[in-house]
Amino acid sequence: MKDGKFLTLGIETSCDETAASVVADGRFMMSNIISSQIDIHTAYGGVVPEIASRKHLECINDVIERALKEADVSVKDIDLIGVTYGPGLVGALLIGVAAAKAMAYAADIPLIGVNHMHGHIAANYLEHHELEPPFMALVVSGGHTEIVNVPSYNSCEKLGGTRDDAAGEAFDKVARVIGLGYPGGPKIDKAAKEGNPEAIAFKRVYLEPGSLDFSFSGLKTQALNYLNSEKQAGREINVNDVAASFQEAVVEVIADKAVDAAVRYDQKRIVMAGGVASNSRLRALISAKASARGIDVLKPSPVLCTDNGAMIASAAYYAYKSGERTDYELDAVPGLEF
Ligand code: KG4
Ligand code: ZN
């Protein structure tokens, strides 16, 4: 506690960001330190798990110290430690979990293991201080594309998800084949602004009528086939047009299904979360489609869409307040379900 505020330290190391943050009362960010490894993994065209773990190990203590320093607090002011324990890369998760357990034990601070996906949703509590469940959440990241009904702080019901590639994964793969490099999402977003979304007729895959599931792997194959046939015909590829057309096919389906879910479950708000939630076209399209149905769309700023420690702190705070406790047996669970 400091100045009457309940302080949570959030730690996140599930993929390629070493992150820590101090959050007051589950809502107010006092610091948000993110040490990104993107530059290191770019040379390999994607995240190399062994390198990620080693980098987390090198950075974790420093990142935590910086988070405390920037918040102008010391370890003894911290009331709760929240840490991501899954899903993610096992070696990467273990670094955060070990650091959190060591600190919780040494300083006698309660510990909460947080599901990374719940953290992404909680990012919205930091941005929209009045937001309270119930709402519909759209979680779109490198590993997930999920529509989740959130009736209360500590419960959520997955209504649909991807049957193959996640949205971010599809962005990253297509970006690689059109030569935009890693991480693909932001690069496609940028290139698409200069392209024509109707240039190539990529399929909109809705699956069975009423399904809230997604499938993006066919789209990736369609993009590959298009590139090959253009090459064989000796035609030059317009990267911006491919990016815009591909992006439109992905975000249109996501926006339609998220709005459909909100209408069916009578939710008046859709909360966006995850790295792909910072996609500018998805943000614009879903807002337009939702407002036509009288539904509000809440979007975290891009820094809170991608992995960070603050979202983990916020999710830990609400779990703790509802009576949840985690013991020192906490282990990394790479395949943790929603
Ligand atoms: O949530 P996140 O930071 O990490 C995971 O938990 O996966 O999401 C990373 C994913 C990557 O696939 C990245 O390409 C994608 O989010 N992404 C975007 C954009 N910014 C990040 N995808 C589309 N448009 C963007 N602007
Ligand atoms: Zn994430």
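For the structure itself, look to the data block above.
What counts and what doesn't
Residues numbered from 1 in each chain as written. Chains lettered and ligands numbered in written order. Predicted model: local features only at pLDDT ≥ 70, side-chain atom pairs only at ≥ 80, totals over all residues. Heavy atoms only, no water. Salt bridge = Lys/Arg side-chain N within 4 Å of Asp/Glu carboxyl O. Helix = DSSP H or I, 4+ residues; strand = E, 2+ residues; numbered from the N terminus. Buried < 20%, exposed > 50% of the residue type's maximum accessible area, 1.4 Å probe, protein only. Near = heavy atom within 4 Å. Polar contact = N/O pair within 3.5 Å; in protein donor to acceptor, adjacent residues only side chain to side chain. Areas by Shrake-Rupley, 256 points an atom, 1.4 Å probe, with all protein chains shown as cover. Donors = N, O, S within 2.8 Å, 3.2 Å for Na, K, Ca; no water. Tetrahedral: all angles 85-135°; square planar, octahedral: opposite > 155°, others 65-115°. Pairing = 2+ DSSP bridges. Axes fitted to C-alpha atoms, helices over the stretch in contact; angles between N-to-C directions. Contact = heavy atoms within 4.5 Å.

1. A look at the pattern of salt bridges
Inspection of every chain in the model, using the stated rule, returns 15 salt bridges. Between glutamate 146 and lysine 158 there is a salt bridge, and its shortest N-O distance comes to 3.0 Å. Highlighted residues: glutamate 146 in strand E7 (residues 145-152) and lysine 158 in strand E8 (residues 155-161), separated in sequence by 12 residues. For arginine 235, the salt bridge identified is with glutamate 230, shortest N-O distance 3.0 Å. The exposure class assigned to arginine 235 is partly exposed, which follows from its relative accessible area of 49%. Salt bridges sharing partners connect three or more residues here, namely Asp165, Glu169, Lys173 and Lys220.

2. Thoughts on the site of ligand 1
Close contacts around ligand 1 come from 18 residues, with Gly142, Asp172, Gly185, Asp189 and Gly275 the closest. The backbone of glycine 168 places a nitrogen or oxygen atom 3.3 Å from an oxygen atom of ligand 1. Within the side chain of aspartate 189, a nitrogen or oxygen atom sits 2.9 Å from a nitrogen atom of ligand 1. Notes on ligand 1: free accessible area 550 Å², of which the protein chains cover 87%.

3. Remarks on the coordination of the zinc ion (ligand 2)
Within the protein, the atoms that donate to the zinc ion (ligand 2) are His116 (NE2), His120 (NE2) and Asp307 (OD), at distances of 2.0 to 2.1 Å. Geometry at the zinc ion (ligand 2) is irregular, judged from the four donor atoms that bind it and their angles of 94 to 136° at the metal. Along the chain, the residues donating to the zinc ion (ligand 2) fall in the pattern H-x3-H-x186-D. A residue pair is termed a helical-turn pair when its members lie 3 or 4 positions apart in one helix, as histidine 116 and histidine 120 do in helix H4 (residues 116-127) at four residues. A residue is classified by how much of its surface remains accessible, and histidine 116, at 6% relative accessible area, is buried.

4. A look at the sheet that holds strand E2 (residues 17-24)
Pairing is mixed across the open sheet formed by five strands, whose spatial order is E3-E2-E1-E4-E5. Either end of the sheet is taken by a strand with one partner, and the two such strands are strand E3 (28-36) and strand E5 (111-115). Strand-to-strand twist of the sheet, defined as the mean angle between neighbouring strand axes without regard to direction, takes the value 20°. Here strand E1 (residues 7-12) pairs with E2 via six bridges, running antiparallel. Across the sheet, residue glycine 10 finds its bridge partner in E2, namely serine 21. Against the sheet, helix H2 (residues 49-71) makes contact with E1, E2 and E3, and its axis sits at roughly 25° relative to E2, the strand it touches most. This element, helix H11 (residues 309-321), spans E1, E2, E3, strand E4 (80-86) and E5 of the sheet and lies at about 125° to E1.

Worth remembering: the numbers are spatial, not functional.
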